[in-house]
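Summary of structural features
In case you want the letters, here they are:
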Amino acid sequence: MSGSSRTRAVVAAYSAAGALLVAGPLLAPGYLLLRDAVSTPRNYPTDAALGLGDAAPRAVPQDALLAALTSFADGGLVVKAILLVALWAAAYGAATLARELLRASLGPQLVAATVALWNPYVAERLLQGHWSLLAGYAALPWTALAAYRLRGTATAKRRRRIPSNTPASADTTESTPHGDPLGTPDTIDHPSEAPADITGNGPRSETAVPGEAPATTHHVSDRASGVAPTEGREHTGSTGRAEPPLATRHPPGHPSGVAAAEPHWQPAAPGSSHRSDDTAPADSAEHPRNSVPTGTAGEGGPNRLSVTAAPRATVRTASTWAALAGSLAAAGLTPTGALLAGVTAFALVHRRQLAATFVLWLAASAPWLAATALSGAGAEPSDPAGIAAFAARAEPGLGTLGSLAGLGGIWNAEAVPDSRTTPLAAIGTLVLLAIVVLGVRSVATGGPDPDNRHVRRALLLLAVIAILFPALGATTWGMHALEWLVAHVPGAGLLRDTQKYAALAMPAFALCAAAGCVVTARRLSRADATTARPATASPATTATVTAVFVALMVLPLYDLAWGVGGAVRPVHYPAGWQQVAARMDGPGDVAVLPGGMFRKFRYSGAAPVLDPAPRMLPNDVLQTGELPVRGRTVSGEGARAREVENLLLHGGAPADLARLGVGWILVERTTPGPVGASASTLAQVEQVYEDADLALYRVPGVVERGTSTTTQRSVAATAHLLWVAVLVAGTLTALGARFRSRSRN
């Protein structure tokens with residue numbers, strides 16, 4: 001196994017260990033039932049699961065996916081598997097992003113993985129039950145990585161249009177990509193293959209400052225001959241010996257004795273396999289595949305190699321698009337996740353790729369976009385009261401802005417780890433921000449090529465916006481602006497929980513933390529050096545700094561471990577739920593008592609949980625969508641459900657319920673909540689099941705009120721199939737291309 005393969009394996013194992021440490025209790029049998037998280041043995045493809053019910057399609061395509069998968073697998077296992085994979089993917093994706101953008105070695109990659117996995121955002125969203133949102137969160141570094149590679153393919157394509165046998169001149173240099181008159185990026189096989197400024201993996205001048213591009217010495221003869229400039233006339237390779245300049249080294253198979261005096265160095269498509277060893281520079285003679293000329297002055301003609309490389313470049317470009325498609329679809333498990341990934345992709349891809357990226361995003365978001373258009377629920381304005389109810393919240397000693405900068409500040413004060421209610425919240429936030437600040441300059445000012453710099457800076461800008469937006473949304477005038485927006489713009493209700501969008505800061509935070517680790521290790525190595533100032537940190541120093549950084553981030557949030565202090569754990573449903581589902585053999589929607597959407601069962605713990613009935617039963621369950629938040633009630637979109645609930649609470653006649661399409665009444669006996677005068681209604685209908693926890697009644701003469709037509713269900717199902725196709729095909733295509741690339745190398 002090569003050094004880079006060992007590094008990847010260590011990072012993957014570290015990420016897996018972290019994910020298991022966070023969600024370890026979920027390995028036990030049972031089902032996740034905590035606040036908004038509801039997993040059940042079996043989900044059903046009801047209208048609500050397709051997003052065609054009365055309420056806005058907030059759980060689309062999540063519910064439809066579970067309905068499909070639980071037809072042959074246990075729903076508890078499916079949800080727990082998705083959550084565990086999401087936690088692992090977030091950590092490993094952040095490390096991979098640091099490796100590609102920064103050429104980070106093992107230690108900084110582990111720091112980046114820790115930032116992505118061990119932070120208040122993950123803890124608070126776990127406690128709130130937002131497992132599917134964490135899937136979107138995990139897709140962000142992979143979306144950024146795919147977008148970065150796509151920028152590289154656009155750059156490479158433009159460079160291929162320049163005749164490879166045309167010497168650089170005053171006329172041609174102006175057309176060099178990104179305005180680089182010397183075409184320096186043309187020496188790079190992959191944007192991330194270039195020697196990064198912060199890791200010491202590439203050639204640097206002795207006086208280079210971390211975070212700045214290394215100084216280069218350009219020669220008039222280079223420009224005249226079209227040879228890409230080097231760091232000097234000699235280059236120190238990974239062996240420590242002086243090597244000839246890059247432009248004079250030949251790739252494997254170059255004709256012996258033929259000087260490559262005028263090659264045009266063609267970058268390979270992003271995403272190609274490359275080394276990320278700690279000691280080998282990206283353009284060293286040991287890795288000649290990183291610099292492949294598209295033409296030579298020797299035998300075979302100037303374009304012989306470029307013709308051979310063109311099909312491979314096309315395949316790599318296609319696989320990179322597939323990776324972006326898979327990332328967008330994975331994030332699209334919820335509408336908010338789709339928005340997060342879409343914003344990331346649009347901010348990073350080349351402007352010429354925006355249209356194609358938008359088409360991919362539409363395909364990845366097809367289920368909830370189609371459901372919104374078909375059901376009409378999304379066309380209704382949301383309750384403006386939800387803005388203040390879901391505004392970001394200040395944590396002890398931090399204020400709202402400080403809480404958000406530390407990736408905390410969720411609206412629900414009960415969905416936070418105990419450590420975030422103590423001074424440890426301020427300590428943990430200050431530590432995280434200090435580590436991030438150490439690397440900001442390196443991330444912002446460094447970068448081996450313009451595409452790399454653009455992606456770094458765009459991610460930093462996204463992080464600033466992701467923190468300021470919810471902070472401003474929590475101010476008085478910010479809440480007024482958002483209240484107007486959700487009251488007048490359909491679909492703007494997606495913005496009411498503004499703290500969700502702090503997730504956009506995670507990729508930049510991970511990069512800055514990795515860079516901060518390198519910068520700190522290098523400074524400490526310089527302080528300890530007795531001879532010349534070292535260009536790179538010693539492995540021992542880097543390992544020590546890595547361990548200290550990881551400990552400083554983990555300890556203040558110690559209770560994220562083991563299911564956030566044991567709160568995230570599986571539960572076991574009473575057998576009566578399966579009996580009720582089996583007895584429900586007729587038409588009609590289900591009305592549920594007590595009133596409201598949240599429950600406190602004896603088996604679910606102290607925290608309120610969403611009623612599992614809509615996902616447990618084969619018929620649509622009417623829900624008002626009303627949410628009790630911070631002592632107020634935020635109205636939902638379920639107008640018919642409210643009418644049915646009022647009828648039940650006032651002892652309405654069964655005939656009135658039947659007229660509204662109600663064919664069943666489910667009474668959940670062990671949870672508190674309003675029941676009103678419903679006993680008089682229940683006395684007039686047939687009881688078909690009863691035990692200590694549940695009772696089921698049949699309402700006679702139901703008038704079916706199908707909320708969706710056959711055409712609507714067909715369109716919604718097609719949109720879901722499109723999403724599945726994008727998710728599966730994109731992911732498998734990208735993975736297959738990566739495996740084939742590594743096997744060739």
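Anyway, here's the lowdown on the structure attached to this text. Keep in mind that this is a model prediction, so the values were computed, not measured. (Residues numbered from 1 in each chain as written. Predicted model: local features only at pLDDT ≥ 70, side-chain atom pairs only at ≥ 80, totals over all residues. Heavy atoms only, no water.)

Across its full length, the protein chain holds 25 helices and 15 strands. Relative to its full complement of 745 residues, the protein chain shows a buried share of 58%. Restricting to contacts in the protein chain with at least 6 residues of sequence separation, those with at least 24 account for 77%. Of the roughly 28,200 Å² that the protein chain leaves accessible, carbon and sulfur atoms contribute 63%. (Helix = DSSP H or I, 4+ residues; strand = E, 2+ residues; numbered from the N terminus. Buried < 20%, exposed > 50% of the residue type's maximum accessible area, 1.4 Å probe, protein only. Contact = heavy atoms within 4.5 Å. Areas by Shrake-Rupley, 256 points an atom, 1.4 Å probe, with all protein chains shown as cover.)

A few words now on the packing of helix α6 (residues 131-160) against helix α9 (residues 335-348). Axes are the key here: two packed helices are described by the angle between their axes and the distance separating the axes. Orientation of α6 relative to α9, taken along the N-to-C sense of each, is 20°, at an axis distance of 9 Å. It follows from the interaxial angle that α6 and α9 lie roughly parallel. Handedness of the α6/α9 crossing: right-handed. Together, L133, G136, L140, T143, A144, A147 and R151 of α6 and T336, G337, L340, A341, T344, A345 and L348 of α9 make up the contact between the two elements. Counted by class, the contact of α6 with α9 contains eight nonpolar, five polar and one charged residues. (Axes fitted to C-alpha atoms, helices over the stretch in contact; angles between N-to-C directions. Parallel < 35°, antiparallel > 145°, perpendicular 65-115°, else oblique. Left-handed = near helix turned anticlockwise from the far one by under 90°. Nonpolar A, V, L, I, M, F, W, Y, C, P; charged D, E, K, R; others polar.)

Pairing is antiparallel across the open sheet formed by three strands, whose spatial order is β2-β1-β7. The open sheet has two edge strands, β2 (37-38) and β7 (570-571), and neither has a second partner. Relative to β2, strand β1 (residues 31-34) is paired through two bridges, and the arrangement is antiparallel. Across the sheet, L33 pairs through a bridge with V38, a residue of β2. (Pairing = 2+ DSSP bridges.)

Ranked by size, the top nonpolar core spans 120 residues in total, and within it L102, L126, W131, Y137, L459 and F509 carry the most contacts. When neighbours within four sequence positions are excluded, L459 is seen to be in contact with L97, L101, A144, L348, P507, A508 and L511. Among the nonpolar cores identified, the runner-up in size contains 34 residues, and A389, F390, W411 and A581 belong to it. (Core = buried A, V, L, I, M, F, W, Y, C linked by side-chain atoms within 4.5 Å.)

Right, let's get into helix α2 (residues 62-69). Side chains that are three or four residues apart share a direction in an α-helix, a result of its 3.6 residues per turn. Where burial is concerned, most of α2 is hidden: six out of the eight residues are buried. All buried positions along α2 are accounted for by Q62, D63, A64, L65, L66 and A67.

The pairing of strands in a sheet happens through backbone hydrogen bonds and is either parallel or antiparallel. Within the open sheet, the four strands sit side by side as β8-β13-β15-β14. Their pairing is mixed. Each end of this open sheet is capped by a strand with a single partner; those strands are β8 (589-593) and β14 (686-690). Adjacent strand axes in the sheet meet at a mean angle of 25°, parallel and antiparallel pairs treated alike. The sheet contact formed by β8 and strand β13 (residues 662-668) spans five bridges and is parallel. Looking at β13, one finds that V590 is bridged to W664. Contacting β8 and β13, helix α22 (residues 639-649) crosses the sheet at an angle of about 50° to β8.

On any regular strand, side chains alternate: one points to one face of the sheet, the next to the other face. Judged by how many residues are buried, strand β15 (residues 694-698) sits mostly within the fold: four of five residues are covered. By the bridge criterion, five bridges tie β13 to β15 in an arrangement that is antiparallel. Within β15, the position partnered with V667 by the bridge is A695. Judged from the four bridges that link them, β14 and β15 form a sheet pairing that is antiparallel. Looking across to β15, one finds that Q687 is bridged to Y697. Following β14, the chain reverses through three residues before pairing antiparallel with β15.

Here we come to the packing of aromatic side chains. Taken as a whole, this structure holds 12 aromatic pairs when the rule is applied. Pairing W361 with W368 gives two aromatic rings, centres 6.3 Å apart and planes at 80°, and the pair type is edge-to-face. In this pair, the class of W361 matches that of W368, namely buried. Ring geometry for F390 and W411: centres 4.8 Å apart, planes at 80°, overall edge-to-face. Placement of F390 in the loop between α12 (385-389) and α13 (399-405) and of W411 in the loop between α13 and α14 (424-445) is noted, with a sequence separation of 21 residues between them. Clustering of aromatic rings is evident, with ring pairs tying together Y31, Y573, F601 and Y603. The side chain of R42 reaches across the aromatic face of Y44, ending 4.7 Å from its centre. The lysine or arginine in question, R125, covers the ring of Y121, its NZ or CZ lying 5.7 Å from the ring centre. (Phe/Tyr/Trp six-rings, centres within 6.5 Å; stacked < 30°, edge-to-face > 60°. Lys NZ or Arg CZ within 6 Å of the ring centre and 35° of its normal.)

Moving on: unusual backbone geometry. Cis geometry marks the peptide bond from V60 to P61; its omega dihedral reads 5°. For the bond running from L593 to P594, omega is 0°, close enough to zero to count as cis. One can find P594 in the loop between β8 and β9 (598-599). Located in the positive-phi region is L407, a residue other than glycine, with phi close to 65°. Relative to the elements of secondary structure, L407 occurs in the loop between α13 and α14. Of note, V564 is a non-glycine position whose phi angle comes to about 50°, a positive value. V564 gets classed as buried once you look at its relative accessible area, which sits at 6%.

Summed over all chains, the structure comprises 15 salt bridges. Of the charged contacts in the structure, one is a salt bridge between D589 and R640, with a shortest N-O distance of 2.7 Å. With a gap of 51 residues between them, D589 in strand β8 and R640 in helix α22 connect regions that are remote in the sequence. The pair D589 / R640 is uniform in exposure class, with both members buried. When salt bridges with common partners are traced through the structure, they connect D54, D589 and R640 into a single cluster. (Salt bridge = Lys/Arg side-chain N within 4 Å of Asp/Glu carboxyl O.)

Let us look at the pairing of β1. Taking every second residue as pointing to the same face, both faces of β1 are buried, with Y31 and L33 on one and L32 and L34 on the other. The pairing of β1 with β7 spans two bridges and is classified as antiparallel. Directly across from L32, in β7, lies its bridge partner P570. Between β1 and β2, which pair antiparallel one after the other, the connecting turn spans two residues, and R35 there sits at a positive phi close to 50°.

So, on to the environment of L101. Structurally, the position occupied by L101 is in helix α3 (residues 75-102). Residue L101 is classed as buried on the basis of its relative accessible area, which comes to 1%. When the C-alpha positions of L101 and R453 are compared, they lie 8.8 Å apart, and in sequence the two are 352 residues distant.

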